[in-house]
Amino acid sequence: MSSVTPQNNRGPQLGVVWFDLKSSIQIADTPEAFGKLCEVQRVLGLDSRILETFNPDLVVIEFDYPSRADMDRAANFKASHASIPMIIVTVQHSEALAVWCFRKKFIDFLVQPVSAGEVDACLEDVSRISKLRREQASRELALYTARVPAEISYGRGASQPLRPAIDLVAAQYHEPLTVSIAAEACQMIPFRFGRQFK
């Protein structure tokens, strides 16, 4: 782990590897709050070789507008370095993207511009995780690899008659579900249930 002179009440300054995957050519600065509280190593692209020489307390993957391929690369990177806490920083505000991040075991999802309060809260969590990582013996992590649906947001606008079916799908996402069972949950016959999707 990185151990630099203490700068805050968290103890040693946290070591951060910041992977810049933005599509814009201009390289932005690290948000000021991260720069003040962490030793940040910026890297263009997603190159894991730096993790061999700099054992970070946190990995930040920054996108501007991530593509599906970028998200797959980030998920694979997280899966291959599962013991390192990672966060996603992006300018795209998307509930579906945030849910995807948490399902892929990223510890936080921050939208630019990132406030000092958000950074502080995130770094408090990372400090606790880093302390536990140092104190615990090595162990094998169980990773769940199910695909996240392309569109996961059903939000408040979902039709009330279909709410029981939506809740059933959410509760039993990984189990087989038939139209008959979903229709029964909504107290409808399968034909009527199917017509709700017109």
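Here, the structure is the one placed above.
Residues numbered from 1 in each chain as written. Predicted model: local features only at pLDDT ≥ 70, side-chain atom pairs only at ≥ 80, totals over all residues. Heavy atoms only, no water.

Participant: Any chance you could explain the packing of aromatic side chains here in plain terms?
Facilitator: The geometry of an aromatic ring pair comes down to the distance between the two centres and the angle between the two planes. Under the criterion given, the structure shown has 2 aromatic pairs. Relative to F77, the ring of F19 has its centre 5.2 Å away and its plane inclined at 75 degrees; by these criteria the two rings are edge-to-face. Here F19 is found in strand β2 (residues 11-20), whereas its partner F77 is found in helix α3 (residues 68-80), with 58 residues between them in sequence. The burial state of F19 is the same as that of F77; both residues are buried. (Phe/Tyr/Trp six-rings, centres within 6.5 Å; stacked < 30°, edge-to-face > 60°. Helix = DSSP H or I, 4+ residues; strand = E, 2+ residues; numbered from the N terminus. Buried < 20%, exposed > 50% of the residue type's maximum accessible area, 1.4 Å probe, protein only.)

Participant: Teacher, can you tell me more about the pattern of salt bridges here?
Facilitator: Opposite charge on two side chains permits them to pair, given that their charged atoms come into close proximity. Summed over all chains, the structure comprises 8 salt bridges. A salt bridge links D125 to R128; the shortest N-O distance between them is 2.3 Å. Separated by 3 residues within a single helix, D125 and R128 lie in helix α5 (residues 116-135), roughly one turn from each other. We classify D125 as partly exposed; its relative accessible area is 33%. Ionic contacts of the salt-bridge type, sharing partners, join the residues D20, K22, R42 and E62 into one network. (Salt bridge = Lys/Arg side-chain N within 4 Å of Asp/Glu carboxyl O.)

Participant: Explain the pairing of strand β5 (residues 86-90) to me, please; I cannot follow it from the model alone.
Facilitator: Counting buried residues in β5 gives 5 out of 5 residues, a clear majority hidden from the surface. Of the two faces of β5, the one holding M86, I88 and T90 and the one holding I87 and V89 are both buried throughout. Summarising the sheet, strand β4 (residues 58-62) and β5 pair through 4 bridges and their orientation is parallel. Considered in β5, the bridge of I61 is made with I88. In this fold, the crossover linking β4 to β5 by way of α3 has right-handed handedness. Here 4 bridges tie β5 to strand β6 (residues 108-111), and the two strands are oriented parallel to one another. For I88, the partnering residue across the bridge sits in β6 and is F109. At this point the chain moves from β5, through helix α4 (residues 95-103), to the parallel β6, and the crossover so formed is right-handed. (Pairing = 2+ DSSP bridges. Right-handed = clockwise from strand over helix to strand, strands pointing away.)

Participant: It is not clear to me how the nonpolar core should be interpreted in this structure. Could you clarify?
Facilitator: Nonpolar side chains in soluble globular proteins generally cluster together in the buried interior. Membership of the largest hydrophobic core comes to 24 residues, with the highest contact counts inside it found for V17, F19, V59, I61, F77, W100 and F106. Broken down by secondary-structure element, the contributors of at least two residues to this core are β2, α2 (50-53), β4, α3, β5 and α4. Setting aside its immediate chain neighbours within four residues, F19 contacts V43, G45, L46, D47, I50, V59, V60, I61, E62 and F77. Residues L14, C38, I87 and L110 belong to the second largest nonpolar core, which totals 16 residues. (Core = buried A, V, L, I, M, F, W, Y, C linked by side-chain atoms within 4.5 Å. Contact = heavy atoms within 4.5 Å.)

Participant: Just to check I follow, could you spell out the side chain of Q13 for this structure?
Facilitator: Following the sequence through the fold, Q13 ends up in strand β2. Within the structure, the side chain of Q13 is placed 3.1 Å from the backbone oxygen of C38, a separation counted as a polar contact. (Polar contact = N/O pair within 3.5 Å; in protein donor to acceptor, adjacent residues only side chain to side chain.)

Participant: Would you explain a nonpolar patch on the surface in this entry?
Facilitator: Residues V169, Y173, L177 and I181 make up a contiguous nonpolar surface patch of roughly 300 Å² in combined accessible area. For V169, the position within the fold is in helix α6 (residues 163-171). (Patch = residues over 30% accessible without salt bridge, like charges linked within 9 Å, V, L, I, M, F, W, Y side chains within 5 Å. Areas by Shrake-Rupley, 256 points an atom, 1.4 Å probe, with all protein chains shown as cover.)

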